[in-house]
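Understanding the architecture of this molecule
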Amino acid sequence: DKVLTELIEPYELRVAKLREFLEDVKPSLRYDIVPLVDPYGPSVTDPDLQCLVVSEETHRGGEAVNKKRLENGLPELALHEILLMKDPDHSQNEEEKISSSSLRQRLLGTLLRPPRQDPALPSRPYVIGLTGGTGSGKTAIAKLLGHLGAFLIDADKLGHAVYVPSGPAYEQVVAAFGAEILNEDGTINRKVLGAKVFGNQERLKSLTDIVWPEMARMVKEQIREADAQG
């Protein structure tokens, strides 16, 4: 349930940053950094542990740890509760405390890494692909780029265009799935077609093998048009 899980840094990088922080704060401190493969980690099995640092919102978790320790025949840990630092710069949609979730939200719209230079790709036109699930903000970002002068190619619209009677995939789709997918006016009934392919991997692959190459050709044509327009 983490916010923007795709922006969470790899475990190894987070460990390296934590180790650097600990060494900077107190070089003489002895510590072990271990991955947690379950909600408890070594806290319920290590007999040498004496104290567990918690916050107000994780105090109940500390109590659950002590319950598990007692079940395992180990003494309870002292629960040392600390106050969470407030984030004076948090926005209305962010948590009041200093939070990695808020920091990840602030990364949206920033350049995470320099554009990769590929000698096999032409320097222009520069192509940006927007991907993401429903409600992830693709349309909003596309409008922003459009206002900045970008040439927009809407893959959803192309996905509809390939199916129209004059579209490049129309005849192939009708030949593959039969006239029963047609409306009275000759257009493809997307609901009827969908009922034929979804849940049937073989039929779905047959459809995508027809449609996707045609969509790719249409995208390339529009990219060439964008290049011609400068």
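Residues numbered from 1 in each chain as written. Predicted model: local features only at pLDDT ≥ 70, side-chain atom pairs only at ≥ 80, totals over all residues. Heavy atoms only, no water.

1. Considerations on the environment of Glu225
For clarity, the threshold we go by: Here a helix means four or more residues in a row that DSSP labels H or I, a strand means two or more in a row labelled E, and each is numbered from the N terminus.
Locating Glu225 in the fold gives a position in helix α8 (residues 201-229). A C-alpha to C-alpha distance of 9.3 Å links Glu225 and Phe151, two positions 74 residues apart in sequence.

2. Let's talk about the nonpolar core
The condition that has to hold: In these notes, a set of buried Ala, Val, Leu, Ile, Met, Phe, Trp, Tyr and Cys residues joined through side-chain atoms within 4.5 Å is what counts as a nonpolar core. Each residue gets one of three labels from its accessible area relative to the maximum for its type: buried under 20%, exposed over 50%, partly exposed in between, using a 1.4 Å probe on protein chains only. Working rule for contacts: check all heavy atoms of both residues, and any pair within 4.5 Å makes them a contact.
Tyr163, Val173, Ile188, Leu193, Leu207 and Val211 are the most contacted members of the largest nonpolar core, which totals 17 residues. At the level of elements, α6 (170-177), α7 (190-197) and α8 are the ones that each hand at least two residues to this core. Among the elements that make up this core, the one with the highest residue count is α8 (five residues). Not counting the four nearest positions on each side in its chain, Val211 is found in contact with Val162, Tyr163, Ala169 and Val173.

3. Some words on the packing of α7 against α8
Put simply, the rule reads: Angles run from 0 to 180 degrees between N-to-C directions of axes, and those axes are lines fitted to C-alpha atoms, restricted for helices to the stretch in contact. When describing relative orientation, an angle under 35 degrees is termed roughly parallel and one over 145 degrees roughly antiparallel, while 65 to 115 degrees is termed roughly perpendicular and anything else oblique. For this classification, the nonpolar set comprises Ala, Val, Leu, Ile, Met, Phe, Trp, Tyr, Cys and Pro, the charged set comprises Asp, Glu, Lys and Arg, and every other residue, Gly included, is treated as polar.
Between α7 and α8, the least distance of the axes is 7 Å, while the angle of their chain directions is 130°. In this view, α7 runs oblique relative to α8, as classed from their interaxial angle. Residues Leu193, Lys196 and Val197 of α7 pack against Arg203, Leu204 and Leu207 of α8. Classifying every residue of the contact of α7 with α8 gives four nonpolar, no polar and two charged.

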